[in-house]
Amino acid sequence: MAIAESILPPRFLSLIIQIIITMNLFWFQEATVDASLPLGATDSIRKSKETEVLVALSLSVTFNALELISLFVGYTIFSYATGMISTCCHVSGAIVLAFVLLESLSVTSLWYCFAFSCALPAFVEMLTVIVISRIQGSR
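Structure report, in brief.

About the criteria used
- Residues numbered from 1 in each chain as written.
- Predicted model: local features only at pLDDT ≥ 70, side-chain atom pairs only at ≥ 80, totals over all residues.
- Heavy atoms only, no water.
- Helix = DSSP H or I, 4+ residues; strand = E, 2+ residues; numbered from the N terminus.
- Buried < 20%, exposed > 50% of the residue type's maximum accessible area, 1.4 Å probe, protein only.
- Contact = heavy atoms within 4.5 Å.
- Areas by Shrake-Rupley, 256 points an atom, 1.4 Å probe, with all protein chains shown as cover.
- Lys, Arg positive; Asp, Glu negative; His and termini not counted.
- Charge placed at Lys NZ, Arg CZ, Asp CG, Glu CD.
- Core = buried A, V, L, I, M, F, W, Y, C linked by side-chain atoms within 4.5 Å.
- Salt bridge = Lys/Arg side-chain N within 4 Å of Asp/Glu carboxyl O.
- Axes fitted to C-alpha atoms, helices over the stretch in contact; angles between N-to-C directions.
- Parallel < 35°, antiparallel > 145°, perpendicular 65-115°, else oblique.
- Left-handed = near helix turned anticlockwise from the far one by under 90°.
- Nonpolar A, V, L, I, M, F, W, Y, C, P; charged D, E, K, R; others polar.
- Expected span 1.5 Å × (residues − 1).
- Phe/Tyr/Trp six-rings, centres within 6.5 Å; stacked < 30°, edge-to-face > 60°.

1. So, the overall build of the protein chain
Link 1 in the chain: Within the protein chain, the secondary structure is distributed over five helices and zero strands.
Link 2 in the chain: Helices (α) and strands (β) of the protein chain occur, in sequence order from the N terminus, as α-α-α-α-α.
Link 3 in the chain: In terms of overall dimensions, the protein chain has C-alpha extents of about 65 × 25 × 20 Å along its principal axes.
Link 4 in the chain: By residue count, 35% of the 139 residues in the protein chain fall in the buried class.
Link 5 in the chain: For the protein chain, long-range pairs separated by at least 24 residues make up 83% of all intrachain contacts whose partners lie at least 6 apart in sequence.
Link 6 in the chain: Put simply, the protein chain shows about 7900 Å² of open surface, and 73% of that area lies on carbon and sulfur atoms.
Link 7 in the chain: When the 6 positive and 9 negative side-chain charges of the protein chain are each reduced to one mean point, those points stand 11 Å apart.

2. Focus: the nonpolar core
Link 1 in the chain: Ranked by size, the top nonpolar core spans 13 residues in total, and within it Leu-25, Val-53, Leu-57, Leu-97 and Leu-110 carry the most contacts.
Link 2 in the chain: Mapped onto this core, the elements with two or more residues apiece are α1 (2-27), α3 (43-73), α4 (80-103) and α5 (107-138).
Link 3 in the chain: The contact partners of Leu-25, leaving out residues within four places of it in the chain, are Thr-32, Leu-57, Leu-97, Val-100, Leu-101 and Leu-110.

3. Overview of the pattern of salt bridges
Link 1 in the chain: With the rule as written, the count across this model stands at five salt bridges.
Link 2 in the chain: One salt bridge in this structure joins Lys-49 and Glu-52, with 3.7 Å as the shortest N-O distance. Taken together, the positions of Lys-49 and Glu-52, both in helix α3 and three residues apart, correspond to about one turn of that helix.
Link 3 in the chain: The exposure class assigned to Glu-52 is partly exposed, which follows from its relative accessible area of 25%.
Link 4 in the chain: It is possible to trace a salt-bridge network through shared partners that takes in Glu-30, Asp-34, Arg-46 and Glu-50.

4. Description of the packing of α3 against α5
Think of two packed helices as two axes; the pair is described by the angle between the axes and how far apart they sit.
Link 1 in the chain: At a minimum axis distance of 9 Å, the contact between α3 and α5 shows a crossing angle of 25°. With respect to each other, α3 and α5 are oriented roughly parallel. Handedness of the α3/α5 crossing: left-handed.
Link 2 in the chain: Here the contact of α3 with α5 is built from residues that sort into 18 nonpolar, four polar and four charged.

5. Points about α3
Given 3.6 residues per helical turn, the α-helix brings residues three or four places apart onto the same face.
Link 1 in the chain: Over its 31 residues, α3 runs 45 Å from end to end, which matches the ideal 45 Å to within 8%, given 1.5 Å per residue.
Link 2 in the chain: Of the residues making up α3, those classed as buried are Lys-49, Val-53, Ala-56, Leu-57, Ser-60, Asn-64, Glu-67, Leu-68, Ser-70 and Leu-71.
Link 3 in the chain: Gly-74 sits one or two positions beyond α3 and adopts a positive phi of about 105°.

6. Some points on the environment of Val-96
Link 1 in the chain: Tracing the sequence through the fold places Val-96 in helix α4.
Link 2 in the chain: Through-space distance from the C-alpha of Val-96 to that of Phe-12 is 18 Å; in sequence the pair is 84 residues apart.

7. Quick look at the packing of aromatic side chains
Link 1 in the chain: Summed over all chains, the structure comprises three aromatic pairs.
Link 2 in the chain: On the numbers, 6.0 Å between centres and 45° between planes, the contact of Phe-12 with Phe-72 is tilted. In this pair, Phe-12 is assigned in helix α1 and Phe-72 in helix α3, connecting sequence segments 60 residues apart.
Link 3 in the chain: The partly exposed category is assigned to Phe-12, whose relative accessible area is 30%.
Link 4 in the chain: An aromatic cluster is defined as three or more aromatic residues linked by ring pairs; in this entry it consists of Phe-63, Trp-111 and Phe-114.

Purely spatial values, then, with no claim about function.
This is the structure:
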């Protein structure tokens, strides 16, 4: 029980840090779009990349918010494996997003970061919630 309780603060902080960096990327998305464009890009390619960045960032915030809500509800507070997966993914995702923010990396790196640091922990979180709900429902 002590191990599960000790993973909660880093899990919460890593999730909040990733949400904050993602929100900063919303403000500075022009640099990410510019880094993704080839030389001599047309307006239609630029609009396409702007939409791609907006979708990637929106999905990231949505998945992180779902995971945060699930954490607040309390289903997965004491799940050690879920907490470790979430913490590791969000810490590494925050580091990658910081590089995207500081170095103006392309939108492709945003999609890889989204898949590993947002979609994977959200999937594990939802799977854990479903399993816990079924276990409690069968009692």
